[in-house]
Amino acid sequence: MSKVVAIDGPAGAGKSTVARLLAERCGFTYVNTGSLYRAIAWAAAGKGVDIKDLKDDFLMGLDLDYVDGKLLVNGVDPGEELRSSACSAAASFVATQPRVRQFLLPVQRNAAMKGWIVMEGRDIGSVIFPDAAYKFFVTASVEERARRRLEQNANETLTFEEIKKLISERDYQDSHRAEAPLCQAEDAVLVDTSKMSIEEVVAHLCDYISQNPREC
Ligand code: DC
């Protein structure tokens, strides 16, 4: 059994905040795996490489390393550029490619070498750490996720309906790709956060972990 708390789920369900707070509370290292796919899209854009045709040479030239919880790409912190809409869309496409997922597998597995981690993504409990000590599938309705995005982004230019459509499209792309699609692992605990605050979700996961001790 790996010393991993796997948190999977669709975009915008509050996974990142929940995973970060849970890691802080438990004293574990927080690892956001979406950043890896975003980093590949970001590095490709920077080098003028076509994301439809990512070659081994390009991937092998990428040094992706987590330093103090921050992802460095060949020693550089891409910062907020990873969160841009262009990077989100490109990352979702990059993530459909088997070669990319194969390349990122050891990067993610190595992150658990130094002790307990909370790792967040789409396929952590199903593919990266099928033997994770804890698995949670954190989700929320499309309406609620659109509402949260509007509330959180004061500069949002899209309407509620447009955001809902974008979220549904990204869900479809993430859950219908051939390689490691977004899905709830059979043994994962489902957490629907539609009617829960972030604090309630974190407390729920903490309670679950303390009530279900694992021998690792
Ligand atoms: O969690 P995020 O929005 O930062 O993820 C960016 C993209 O990467 C998203 O389209 C899904 C994909 N992804 C994935 O396929 N597998 C993961 N473990 C994490 C993210």
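Residues numbered from 1 in each chain as written. Predicted model: local features only at pLDDT ≥ 70, side-chain atom pairs only at ≥ 80, totals over all residues. Heavy atoms only, no water.

Undergrad: Outline the packing of aromatic side chains, listing residues and values.
TA: On inspection of all chains with the given rule, the structure shows four aromatic pairs. Ring geometry for Y134 against Y208: centres 6.4 Å apart, planes inclined by 85°, an arrangement best described as edge-to-face. Of this pair, Y134 sits in strand β6 (residues 132–139) while Y208 is found in helix α9 (residues 198–211), placing the two residues 74 residues apart along the sequence. Through pairs of rings, three or more aromatic residues link up here, namely F28, W116, Y134, F136 and Y208. (Phe/Tyr/Trp six-rings, centres within 6.5 Å; stacked < 30°, edge-to-face > 60°. Helix = DSSP H or I, 4+ residues; strand = E, 2+ residues; numbered from the N terminus.)

Undergrad: Can you explain the environment of Q184? Please cite residues and give values.
TA: In this structure, Q184 sits in the loop between α8 (160–176) and β7 (189–192). For the pair Q184 and F137, spaced 47 residues apart in the sequence, the C-alpha separation amounts to 5.9 Å. In contact with Q184, other than residues within four places in its own chain, are F137, V189 and L190. A polar side-chain atom of Q184 sits 3.2 Å from the main-chain carbonyl oxygen of A188. (Contact = heavy atoms within 4.5 Å. Polar contact = N/O pair within 3.5 Å; in protein donor to acceptor, adjacent residues only side chain to side chain.)

Undergrad: Would you mind going over unusual backbone geometry in detail, with residue names and values included?
TA: The phi dihedral of N74 falls on the positive side, at around 50°, and the residue is not glycine. As for its position among the elements, N74 is in the loop between β4 (70–73) and α4 (85–94). For N74, a relative accessible area of 36% corresponds to the partly exposed category. Here the phi dihedral of A180 falls at roughly 40°; this positive angle occurs in a residue that is not glycine. Structurally, A180 is set in the loop between α8 and β7. Judged by its relative accessible area of 15%, A180 is buried. (Buried < 20%, exposed > 50% of the residue type's maximum accessible area, 1.4 Å probe, protein only.)

Undergrad: For the environment of I124, give the residues involved together with the corresponding values.
TA: On the secondary structure map, I124 appears in helix α6 (residues 124–128). C-alpha separation for the pair I124 and S84, spaced 40 residues apart in sequence, amounts to 24 Å. What I124 contacts, discounting residues up to four positions off in sequence, is A6, D8, T33, Q108, M119, F129 and P130.

Undergrad: I'd like to hear about the side chain of T33, residue by residue, with values.
TA: Following the sequence through the fold, T33 ends up in the loop between β2 (29–32) and α2 (34–47). A distance of 2.6 Å separates the side chain of T33 from the backbone oxygen of E120, its partner in a polar contact. Non-local contacts of T33, meaning those with residues more than four positions away in its chain, are made with Y66, Q108, M119, E120, G121 and I124.

Remember that the coordinates give geometry; whether it matters functionally is a separate question.
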